[in-house]
Amino acid sequence: MIHGFCSNPSFHQFNFTHAAFSLSFIQAGTLVHEASHFTQNGGTNDYAYGQANCTDLARDYPDYAVMNADSHEFFVENTPELD
């Protein structure tokens, strides 16, 4: 898993820790997560991590879910089923 943090949203700086990952969409999701912290991209926060916690956040506190970085990550990583 790749881990990163946005050290300074005003100056567009990323810091990534050592990580091993195999799927490129996970890399893209991490970049979306971190980029969403930039004030120009929404200025998100980290209110919840993980799909289950993000689902609970969306159900119970939708205003926070919209501003949650992991929610943005999971949005780009998951393809909904089409009927």
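Just above sits the structure.
Residues numbered from 1 in each chain as written. Predicted model: local features only at pLDDT ≥ 70, side-chain atom pairs only at ≥ 80, totals over all residues. Heavy atoms only, no water.

Draft legend 1. Expanded view of the nonpolar core. With 5 residues, the main nonpolar core is built from Ala48, Cys54, Leu57, Ala65 and Phe74. Not counting chain neighbours up to four residues away, the residues in contact with phenylalanine 74 comprise Gly50, Gln51 and Cys54. (Core = buried A, V, L, I, M, F, W, Y, C linked by side-chain atoms within 4.5 Å. Buried < 20%, exposed > 50% of the residue type's maximum accessible area, 1.4 Å probe, protein only. Contact = heavy atoms within 4.5 Å.)

Draft legend 2. Representation of the pattern of salt bridges. All told, the structure shown has 2 salt bridges when counted by the stated rule. A salt bridge links arginine 59 to aspartate 56, with the shortest nitrogen-to-oxygen separation between them at 3.3 Å. Here arginine 59 and its partner aspartate 56 are both found in helix H2 (residues 51-60), 3 residues apart, which amounts to about one turn of the helix. With a relative accessible area of 33%, aspartate 56 lands in the partly exposed category. One salt bridge connects aspartate 60 with arginine 59, and the closest N-O pair in it is separated by 3.1 Å. Note on aspartate 60: relative accessible area 42%, which makes it partly exposed. Exposure remark for arginine 59: the relative accessible area of 56% places this residue in the exposed category. Three or more residues are tied together by salt bridges with common partners; here these are Asp56, Arg59 and Asp60. (Salt bridge = Lys/Arg side-chain N within 4 Å of Asp/Glu carboxyl O. Helix = DSSP H or I, 4+ residues; strand = E, 2+ residues; numbered from the N terminus.)

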